[in-house]
Amino acid sequence: MALFVTVRERRLWLWALAATVAIYSTLGLTGTLARRTSEGGDPLDVFLFFFVMGFLAMTVLAYGLQIRPRGVEIGVLLGIAMVYFMMFARMTLAERTHLIEYSVLATFVREALHEGRSWGRRIPSPGLLAIAVTTLVGTVDEFLQVFLPSRVFDPIDILFNFLAAVVTVVALAVLTWIRRRSRLGRAGRGPNLA
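If you're wondering where the values come from, they're calculated on a predicted model, not measured in any experiment.

A. Inspection of the nonpolar core at higher detail. Core analysis: the biggest nonpolar cluster contains 20 residues, and Ala16, Tyr102, Leu105, Phe108, Val109, Leu113 and Ala130 have the highest contact counts within it. Sorting the residues of this core by element identifies helix H1 (7-25), helix H5 (93-118), helix H6 (126-144) and helix H7 (155-189) as the ones contributing at least two each. Core analysis: the second largest hydrophobic core is formed by five residues, Val76, Ala171, Leu175 and Ile178 among them.

Encoded structure:
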């Protein structure tokens, strides 16, 4: 049995791996960067931090544009964007990074699992599995912080990672459901002969 059933599945898993490596590679930097941004430190540090977070957010946006939403889907996307905006507005800087990082990771993992399932792989609950994988990556990230002097293990961060995965997977499931339903509605109408 091949490791990947399609080129798209392979690409999605590679992006998930890249997101995981990016998350783990910041282990030594994030504490220092968060301190500097909260203390009004070097403007270049602050700019670079927000640039990277913006880049991750653009990844999610690019995925949303790739699916070419129409009609009700646009309304659902706007609703999801508002939920993220409200969550983002109420969070601290560190919590926001967890939301963005783990939302991106959950998106790639969920899509990779769904791609494999759509080509016949036996994956019983891709959404739940995506949440579990994303939460596991976040939990390992937190446990690694025990060994770093500039970082602190925080179980609340594990909760934020889990919540980011849940919100992302639920949002993607709603979008998929709306899209499937609108396709069925268009297919059921038949050709317009007027």
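On we go from here.
B. Focus on the pattern of salt bridges. With the rule as written, the count across this model stands at three salt bridges. Arg8 is the salt-bridge partner of Glu115, the closest N and O atoms lying 2.9 Å from each other. With a gap of 107 residues between them, Glu115 in helix H5 and Arg8 in helix H1 connect regions that are remote in the sequence.

C. Local environment of the packing of H1 against H6. The contact between H1 and H6 brings their axes to 10 Å, and the two run at 20°. What the angle tells us is that H1 and H6 run roughly parallel. Relative to H6, H1 is oriented so that their crossing is right-handed. When H1 is examined against H6, the residues Thr20, Ile23 and Tyr24 are found in contact with a partner set consisting of Val137, Val140 and Asp141.

D. Structural context of the packing of aromatic side chains. Summed over the entire model, instances satisfying the criterion amount to two aromatic pairs. With a centroid separation of 6.0 Å and an interplanar angle of 20°, the aromatic rings of Trp15 and Phe108 are classed as stacked. Of this pair, Trp15 sits in helix H1 while Phe108 sits in helix H5; the two residues are 93 residues apart in sequence, bridging distant segments of the chain.

E. The arrangement of a nonpolar patch on the surface in detail. A cluster of nonpolar side chains, contributed by Leu136, Val140, Phe143, Leu144, Val146, Phe147 and Phe153, occupies part of the molecular surface with about 670 Å² of accessible area. Take Leu136: it is sitting in helix H6.

F. Up close: the environment of Gln145. Within the secondary structure, Gln145 is located in the loop between H6 and H7. In the structure, Gln145 is positioned 121 residues away from Tyr24 in sequence and 9.9 Å away in space, judged by C-alpha atoms. Sequence-distant contacts of Gln145, that is, excluding residues within four places in its chain, are made with Leu27, Arg151, Val152 and Phe153.

The rules behind each value
Residues numbered from 1 in each chain as written. Predicted model: local features only at pLDDT ≥ 70, side-chain atom pairs only at ≥ 80, totals over all residues. Heavy atoms only, no water. Core = buried A, V, L, I, M, F, W, Y, C linked by side-chain atoms within 4.5 Å. Buried < 20%, exposed > 50% of the residue type's maximum accessible area, 1.4 Å probe, protein only. Helix = DSSP H or I, 4+ residues; strand = E, 2+ residues; numbered from the N terminus. Salt bridge = Lys/Arg side-chain N within 4 Å of Asp/Glu carboxyl O. Axes fitted to C-alpha atoms, helices over the stretch in contact; angles between N-to-C directions. Parallel < 35°, antiparallel > 145°, perpendicular 65-115°, else oblique. Left-handed = near helix turned anticlockwise from the far one by under 90°. Contact = heavy atoms within 4.5 Å. Phe/Tyr/Trp six-rings, centres within 6.5 Å; stacked < 30°, edge-to-face > 60°. Patch = residues over 30% accessible without salt bridge, like charges linked within 9 Å, V, L, I, M, F, W, Y side chains within 5 Å. Areas by Shrake-Rupley, 256 points an atom, 1.4 Å probe, with all protein chains shown as cover.

Read these as geometric descriptors, not functional statements.
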